[in-house]
Amino acid sequence: MTEPSKVIHVRNVGHEISENDLLSLVQPFGAVTKLVMLRAKNQALIQMHDVASAVNALQFYTNVQPSVRGRNVYIQFSSHQELTTMDQNSQARKGGDQDSEPNRILLVTIHHLLYPITVEVLHQVFSPHGFVEKIVTFQKSAGSQALIQYQTRQSAVQARNALQGRNIYDGCCQLDIQFSNLSELQVNYNNERSRDFTNPSLPSEQKGRSSQPGYGDAGGMYALQPPGVAFSQMGSAGAIAAAFGGNLPPGISGTNDRCTLLVSNLNPDKIDEDKLFNLFSLYGNIVRIKLLRNKPDHALIEMGDGFQSELAVHFLKGAMLFGKPLEVNFSKFPNINSAPDTHDYSGSNLNRFNRNAVKNYRYCCSPTKMIHISTLPQDITEEEIVTHLEEHGTIVNNKLFDVNGKKQALILFENEEQATEALVCKHASSIDRSIIRISFSQLQNI
């Protein structure tokens, strides 16, 4: 056992957990003097005002499992008796790219990612604070990250002071900015993942390569996996690791090999194959769906792989649809055979995981009251969207907005069941010749 210390070490700190969440965990036991988030390790160090406060906190959590935002965290005394500036710098990230001293290169981590963040978006956010020379984006265990190189150190300091903790979009895409210890970024290609603004003549991609080589930063390798790579190309393990940072949602093993699901307790008067596709395609690609004619409240759904079917079971078991709680289990059948009464979706361009598999895995969640709508007509109004959806429930709030010049919307229903009905009935429906796409949003309010 580590001897008592006023520094508490916290493990399993997911990207969704903020500093304020951790403070609320320990502040009932005494004042907090320092807090360091070790994002790359999913850990944190919290220094209490005195040893007695830390002892009280650990004694309390010996009998009560501490949980933050539905995630169990694990606490113990740190081997540090005191957090010094040196401790914070050396502990914070493998490779030492936490603040050592101000530098013209910033390491930016983006939390609560609701929309894709491209080089263009980052340039718009950071260029008002000085001339941005280079940007490199990548995925790492801490989440979606970028390295941004300014022409001067003063510009980088100004940007960090102005933008640290801010959201790129309302309520999401929060910036966590540290100084990198790199002296120069090496950019090989000008595309949506990297850009050298001092050398516009760089090629967009090396011929025959599907991704850039790893980018080395102080001993750590950042794999630059391009968005839009099909799940089958990048492989199951790669997509899962990139999406969840090695920490799968609680209760998901990632090792299931059963692809076919048995869904029961359906409302046979209102359900059909396309509505089931609209719901289950949130968690993976759909191969085939078959409604069981001898059991009209049952259906078989074959997912693209075992991990996708495991996500569907985890997030949809018990979800309310058309007045009934869904029962979702693994089927004894390994797959669904082609037949006249079987709907085949293997070639559907509505399967969401043919592109941006990592992004779609990251957005997986149980049904919520809020839906997100994209690919809307440019001249659409909020009233037209409400009219299109209001038959499915009470709309409490709505918001129409632009993302990179494209219209999107958030619609908040009174409850999850109404939002689920709107999604299964109106995903892939048409508004003014535009086929809209609907998913659940994890935002709590608009």
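See above for the structure.
Computed from a prediction, not measured in an experiment: that's the story for all the values here.

This part covers a negative patch on the surface. Together, Asp379, Glu382, Glu383 and Glu384 line one region of the surface with negative charge. Mapped onto the secondary structure, glutamate 383 falls in helix α11 (residues 382-389).

The alternating pattern of strand β27 (residues 437-440) places Ile438 and Phe440 on a buried face and Arg437 and Ser439 on a face that is not buried. With four bridges joining them, strand β22 (residues 370-374) and β27 adopt antiparallel strand pairing. Along β27, the bridge assignment pairs isoleucine 371 with phenylalanine 440.

Going through the model one piece at a time under the given rule, you end up with 13 salt bridges. Residues glutamate 82 and lysine 6 are paired through a salt bridge, measuring 3.2 Å at the closest nitrogen-oxygen approach. In this pair, glutamate 82 sits in the loop between β6 (74-77) and α3 (85-92) while lysine 6 sits in the segment before β1 (7-11), placing the two residues 76 residues apart along the sequence. Salt-bridge contacts for arginine 288 lead to aspartate 344; the nearest nitrogen and oxygen are separated by 3.3 Å. Taken as a pair, arginine 288 in strand β16 (residues 286-291) and aspartate 344 in strand β21 (residues 343-344) lie far apart in primary sequence, 56 residues in all. On the basis of relative accessibility, which here comes to 19%, the residue arginine 288 falls in the buried class. Residue aspartate 344 is classed as partly exposed on the basis of its relative accessible area of 43%. One network of salt bridges, in which partners are shared, links Arg104, Glu133, Lys134 and Glu184.

Glancing now at the side chain of histidine 298. Following the sequence through the fold, histidine 298 ends up in the loop between β16 and β17 (299-303). With a relative accessible area of 17%, histidine 298 lands in the buried category. Among the polar contacts listed, one links the side chain of histidine 298 to the side chain of aspartate 297, at a separation of 2.7 Å. Non-local contacts of histidine 298, meaning those with residues more than four positions away in its chain, are made with Leu262, Val263, Ser264, Leu266, Leu291 and Leu292.

Cut-offs used in this document
Residues numbered from 1 in each chain as written. Predicted model: local features only at pLDDT ≥ 70, side-chain atom pairs only at ≥ 80, totals over all residues. Heavy atoms only, no water. Patch = residues over 30% accessible without salt bridge, like charges linked within 9 Å, V, L, I, M, F, W, Y side chains within 5 Å. Areas by Shrake-Rupley, 256 points an atom, 1.4 Å probe, with all protein chains shown as cover. Salt bridge = Lys/Arg side-chain N within 4 Å of Asp/Glu carboxyl O. Lys, Arg positive; Asp, Glu negative; His and termini not counted. Charge placed at Lys NZ, Arg CZ, Asp CG, Glu CD. Helix = DSSP H or I, 4+ residues; strand = E, 2+ residues; numbered from the N terminus. Buried < 20%, exposed > 50% of the residue type's maximum accessible area, 1.4 Å probe, protein only. Pairing = 2+ DSSP bridges. Polar contact = N/O pair within 3.5 Å; in protein donor to acceptor, adjacent residues only side chain to side chain. Contact = heavy atoms within 4.5 Å.

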